[in-house]
Amino acid sequence: MTTDGGNGAGSIAIRDTLSGKRSSPSGQGSDTVSIYLCGVTVYDDAHIGHARTIITFDVLRRHLEYRGIRATMVQNFTDVDDKIIARARDEGVQASELGERYIKRYHEEFERLNVLRADSYPRATEHIQDIIGFITNLIEKGAAYVAKNGVYFAVSEFAQYGKLSGKKTDQLRSGARIEIDEAKRDPLDFALWKFDAGDPSWDSPWGAGRPGWHIECSAMSTKYLGDCIDVHGGGRDLIFPHHENEIAQSETRTGRMFARIWMHVGMVTIGGEKMSKSLGNIRSVGRALEDWGPNVIRLFCLSGHYSKPVDYSDENLRESLARWRQIEACHYELMHATRGAGGGGGGGPGDAGAAGRLADAVVRFDAALDDDLNTHLAVSALMDVVSDANALAAGGALDPGWAADAGAELSRMSRTLGLRVPDMDPAEAAAVDSEVEARNGLRRQGRYEEADAARDRLRELHVELFDRRDKTVWVKREKIGADAKN
RNA sequence: GGUAAGGUGGCAGAACGGUCAUGCGUGGGCCUGCAAAGCCUAUACAAGGGGGUUCGACUCCCUCUCUUACCUCCA
């Protein structure tokens, strides 16, 4: 039973980690949404786990915009951090130079993944004054204190600490894992500012140093999106302590709810285990792009519900590849049919049903995304259109009008998922057409060796041919590394 | 130990209190000069164990068990 009226935009619901309930990102009647996504720490290459989180939010954003809601998206780069400093020292470069390198690479890779640019990508190092201001507020409120080695947030001052992750402070204190630090009043207190006059360091009212990890997100999200964000998210592993700490800082400062919806994306696993540096099972985005290309990676990342883990296995990737091949071929199938290449019996009795099935699939696609961004079901709905088109084509009943409609819908659904069929300019298409024509002439004359040679030539251009009863359909394939290896 | 999310056919993975998607895989057929892709068709004892609620549960409740994640940096 839907609680709201269900008119387009208002019907989108996302499950909030904190309350466990679904609610609309756009609130009541608003047509804009603010989204803050915790991005990457720039000391190494991005991996598939990063990709999954970012692609999930990318689809959320695309779907919101399709529903007429303008999303303002802010995604940070953490460019000051102990690991960056250590890595820079090892390589003998400046921390800023290292960060710059990985930020550049990030943009290149995620552009290839067809991820829309965020409205801004704030960096911690460019917001030191905002961070200092934020910390000053917290000290004024009595929620932060200056110690020997830094400025700390006093967890005891925030009564609701633990509400996001479902943890109780005394349980956390009794856990043996917490680092004992004499300087802290409470082992749960976390650093807002670390004193260290080393390489990357900035002056502050309390002493030279650098910000702690969590404060940058509170400061920057507030600066760009205000005190209360509509959707705040990241990977599940950020729930504690990162997001918990952000809530503590921000809500202490404003006395208001920090984020209306917390959205957390499940981990990418390798053989059932979380991908992590310590296990040495990291798969980089760069490598994945080489092996599988952007569309397969996206389909893989969207193959299950975002909140659940997904296993980066060869089998799963192959399945995504098979799906992609079908979608790709279908785009061409519909394009050819639309160009009126006499498909035979248009307007048969089955066509009326086809229009209904198409409309139904589109409704299911959008409804799936409305319902807590169920990309798995959305992909299924898209695949229903693909197989319907294939069935009609195989039966010689692909009516050009239907093909045009289906092609438009398929493109639109693909766009929402961020899938992109390789571009082909008309001149190239015409060239392929005439090659195919020539080959069919050879086939009619029984000159099969020459015809096969023509087919091979086209294959080198990644054009694949399907000879049907009455015509030859061709598809321009995306080059995929893993294909070549097998 | 605490917290959270899960255990669905050979694999992946949904929905739903009553008819158990879909994809991959597998068998057969069609189409093709051959091929590829696709189509048609068939295929599966499917729900970790045990209780309970119900006319009826995979779906709700309890319990046990297993898995994973988080409790330390992590998307």
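Located above this text is the structure these notes cover.
Predicted, not measured: the structure shown is a model, and the values here were computed from it. (Residues numbered from 1 in each chain as written. Chains lettered and ligands numbered in written order. Predicted model: local features only at pLDDT ≥ 70, side-chain atom pairs only at ≥ 80, totals over all residues. Heavy atoms only, no water.)

(A) Quick look at the pairing of strand β4 (residues 70-75). Summarising the sheet, strand β3 (residues 32-37) and β4 pair through 6 bridges and their orientation is parallel. Bridge pairing links tyrosine 36 to valine 74 in β4. With helix α1 (residues 48-66) bridging β3 and the parallel β4, this β-α-β connection has right-handed handedness. (Pairing = 2+ DSSP bridges. Helix = DSSP H or I, 4+ residues; strand = E, 2+ residues; numbered from the N terminus. Right-handed = clockwise from strand over helix to strand, strands pointing away.)

(B) Helix α11 (residues 375-394), seen in detail. Relative to the 28 Å expected for 20 residues at 1.5 Å per residue, α11 spans 28 Å between its end C-alpha atoms, a close match to the ideal helical length. Residues Thr375, Ala378, Val379, Ala381, Leu382, Met383, Val385, Val386, Asp388, Ala389, Leu392 and Ala393 constitute the buried set of α11. Where α11 terminates, the next one or two residues include glycine 396, which has phi positive at roughly 70°. (Expected span 1.5 Å × (residues − 1). Buried < 20%, exposed > 50% of the residue type's maximum accessible area, 1.4 Å probe, protein only.)

(C) Seen up close, the sheet that holds strand β6 (residues 150-153). The strand order β5-β6-β7-β8 describes an open sheet built from 4 strands, whose pairing is antiparallel. Of all strands in the sheet, those with a lone pairing partner are β5 (144-146) and β8 (209-211), marking the two edges. On average, each strand axis in the sheet is inclined to that of its neighbour by 20°, with strand direction left out of account. In the sheet, β6 pairs with strand β7 (residues 190-195) via 4 bridges, with the strands oriented antiparallel. Considered in β7, the bridge of tyrosine 152 is made with alanine 191. Against the sheet, helix α4 (residues 128-140) touches β5, β6, β7 and β8, its axis set at about 120° to β7. (Axes fitted to C-alpha atoms, helices over the stretch in contact; angles between N-to-C directions. Contact = heavy atoms within 4.5 Å.)

(D) Spotlight on the state of the cysteines. Per the counting criterion, the structure on display carries 0 disulfides. Here cysteine 301 is not disulfide-linked; the sulfur of cysteine 38 is the nearest cysteine sulfur, at 18 Å. (Disulfide = S-S within 2.5 Å.)

(E) Spotlight on the sheet that holds β3. Taken in spatial order, the 4 strands line up as β4-β3-β9-β10 in an open sheet, and their pairing is parallel. In this open sheet, the two edge strands, each paired with only one partner strand, are β4 and β10 (259-265). Shown here is a sheet whose adjacent strand axes are inclined to one another by a mean of 20°, direction ignored. Bridge analysis of strand β9 (residues 229-235) against β10 gives 6 bridges, and the strand direction is parallel. In the strand pairing of β10, glycine 234 is matched with histidine 264.

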